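Architecture and fold: a report
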Amino acid sequence: MKKTLLLVLALCLLLCGCSPSPAAITVGPRQVDLATYAFYIHYNLMNLTTEYGYTPDTLYSDEMTAQIKSDALNQAVTAEVIRIKCGELGLELSDEQKESLESDKKEFIESLGGKYEYLSYLRESAMTDRSYDAFQENSLYYDLLYEYLCAEAAEFYNDENLRQFFAENYITVRYIRLGTLDSAGAPLSEVDAAAKLTLANSLLMQAQQPDADFEALIAEYNDDPIMDMNPDGLVVSVASAQEIDYLAPAFSLAENEVGGVYTGSEGYYIVRRTPVSASYFEENRDMILQNALDWYFESSLEQWKADTAVTTTAAYEQINLDNYMEYVK
């Protein structure tokens, strides 16, 4: 009975926020406490668990710890910079939005079965009551800033400027892939993979000859059905290619130039950049405008982050992937 009473008392203190957490990060005039930063670490660890099967008893390398802490820091800074810019621009939550947040929270607590269950949920999620409220607000501040900047960007992207954005950010590619996975999706042996790389280098030399027939090489050697489904080439934007190792380098190629050998998760690639069809812009104007608005927002946000002073505390250095739950209070 005494143990249960102590647990309830501890959870009530968590709910009331009577023990403020020390600062971990200072972003401009704002501070991120250790409890909030611990959540960002937890969030990234849960993503690793979902994507790669890591378990709580995993031994985390120094490199992994540094990467997750860096990702968590970036996420925390992003949220605070958004709040700062909203304040500077006079963007505030409406009374209706605030009332909706309170109502949604009440309904959420009731759906869990009450405050005790809610607090248990928070603990399992590496959150405090105050951080839960802040995270719910963060999404609304993000929307406020996004809508403000999109309205600003929409005025900028008239027909001329949108066409210029399109010309600078879209290309068409055709490529030859030599796969390095077997039919079951497992990596080829080192010997077979090396043979594929040797062939890829040979094909690159052939493809770069002035009289090369790249389409004939695709027909003979390519093993990616995407090329068969896109005989006129695959149109890609800078944003969509950023995370694709074999497409991002194509933006540095001149039209009709062949480059490689680029390594992707599924094979080796020889890529040819080709002109975008004249009709693509008109047929996909709405999508291109949306991409331009997204780029405007993301680039503005990144610039604001770069211009904002960010410092970390000694306590920040002590938190890691093994002890972060100790800071959720």
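A brief report on the enclosed structure follows.

The rules behind the values
Throughout this description, residue numbers start from 1 for each chain and increase along the sequence as written. Side-chain atom pairs in this predicted model are given and counted only at pLDDT of 80 or more, local residue features only at pLDDT of at least 70, and totals for whole chains, interfaces and linings cover all residues. For side-chain calculations, the full set of non-hydrogen atoms in the structure is used, while hydrogens and water are omitted. One bridge is not enough; two strands pair if DSSP finds at least two bridges between them. Runs of H or I in DSSP of at least four residues are treated as helices and runs of E of at least two as strands, each being numbered from the N terminus. Every axis corresponds to a line fitted to the C-alpha atoms, with the helix fit spanning only the stretch in contact, and the corresponding angles, defined between N-to-C directions, vary from 0 to 180 degrees. By convention in these notes, a salt bridge is any Lys or Arg side-chain nitrogen within 4 Å of a carboxyl oxygen on Asp or Glu. Think of it in three bands: with a 1.4 Å probe and only protein chains considered, a residue is buried below 20% of the maximum accessible area for its type, exposed above 50%, and partly exposed in between. The charge count treats Lys and Arg as positive and Asp and Glu as negative. His and the chain ends do not count. In this description, contact between two residues means that some pair of their heavy atoms is separated by no more than 4.5 Å. Working rule for angles: under 35 degrees goes down as roughly parallel, over 145 as roughly antiparallel, 65 to 115 as roughly perpendicular, anything else as oblique. Should the near helix be turned anticlockwise from the far one by less than a right angle, the crossing is left-handed, and should it be turned clockwise, the crossing is right-handed. Under the convention adopted here, Pro, Cys and the residues Ala, Val, Leu, Ile, Met, Phe, Trp and Tyr are nonpolar, Asp, Glu, Lys and Arg are charged, and Gly plus all remaining residues are polar.

**Comments concerning the sheet that holds strand β6 (residues 267-274)**
Note on sheets: strands pair through backbone hydrogen bonds, and any given pair is parallel or antiparallel. Across the sheet, four strands lie side by side as β4-β3-β6-β5; this open sheet has antiparallel pairing. Strand pairing shows two members of the sheet lacking a second neighbour, β4 (234-237) and β5 (258-264), which therefore form its edges. For this sheet, the mean angle separating the axes of adjacent strands, direction not counted, is 40°. Bridge analysis of strand β3 (residues 170-179) against β6 gives eight bridges, and the strand direction is antiparallel. Residue Thr172 lies in a different strand from β6, and its bridge partner there is Thr274.

**Observations concerning the pattern of salt bridges**
On inspection of all chains with the given rule, the structure shows 14 salt bridges. In this structure, Glu80 and Arg30 form a salt bridge, with 2.4 Å as the shortest nitrogen-oxygen distance. Of the two residues, Glu80 is situated in helix α3 (residues 62-89) and Arg30 in strand β2 (residues 30-33); the sequence distance between them amounts to 50 residues. The class for Glu80 is buried, based on a relative accessible area of 9%. Judged by its relative accessible area of 31%, Arg30 falls in the partly exposed class. Between Asp223 and Arg177 there is a salt bridge, and its shortest N-O distance comes to 2.8 Å. With a gap of 46 residues between them, Asp223 in the loop between α9 (214-221) and α10 (225-229) and Arg177 in strand β3 connect regions that are remote in the sequence.

**Examining the side chain of Arg273**
Residue position: Arg273 is located in strand β6. Despite being buried, Arg273 has no salt bridge partner; Glu255 is the closest side chain of opposite charge, sitting 5.1 Å away. Excluding anything up to four places from it in sequence, Arg273 contacts Ile171, Thr172, Ala250, Phe251, Leu253, Ala254, Glu255, Asn256 and Glu257.

**Digging into unusual backbone geometry**
In the segment running from Gly260 into Val261, the intervening peptide bond is cis, with an omega of -5°. Not every positive phi belongs to a glycine, and Asn256 is a case in point at roughly 75°.

**What about the pairing of β2?**
Pairing of strand β1 (residues 23-27) with β2 involves four bridges; the strand directions are antiparallel. By the bridge assignment, Ile25 is partnered in β2 with Val32. In textbook terms, the turn of a hairpin is the stretch between consecutive antiparallel strands, and for β1 and β2 this stretch comprises two residues, one of which, Gly28, has a positive phi near 55°.

**Topic: the packing of helix α4 (residues 95-112) against helix α6 (residues 129-156)**
Packed helix pairs are characterised by how far apart their axes lie and by the angle those axes make with each other. At their nearest, the axes of α4 and α6 sit 11 Å apart, and the two run at 130° to each other. By the angle between their directions, the pair α4 and α6 is classed as oblique. As α4 runs across α6, the sense of the crossing is right-handed. For the pair formed by α4 and α6, the contact residues are Gln97, Leu101, Lys105 and Phe108 on the first element and Asp129, Tyr132, Asp133, Gln136, Glu137 and Leu140 on the second. A per-class count over the contact of α4 with α6 returns four nonpolar, two polar and four charged.

**Let's talk about the sheet that holds β1**
Read across the open sheet, the three strands follow the order β2-β1-β7; overall the sheet is antiparallel. Both edges of this open sheet fall to β2 and β7 (310-312), since each of them pairs with a single strand only. Strand-to-strand twist across the sheet, computed as the mean angle between neighbouring axes with direction ignored, equals 20°. Against the sheet, α3 engages β1, β2 and β7, with an angle of about 50° to β1.

Nothing here speaks to function; it is geometry throughout.
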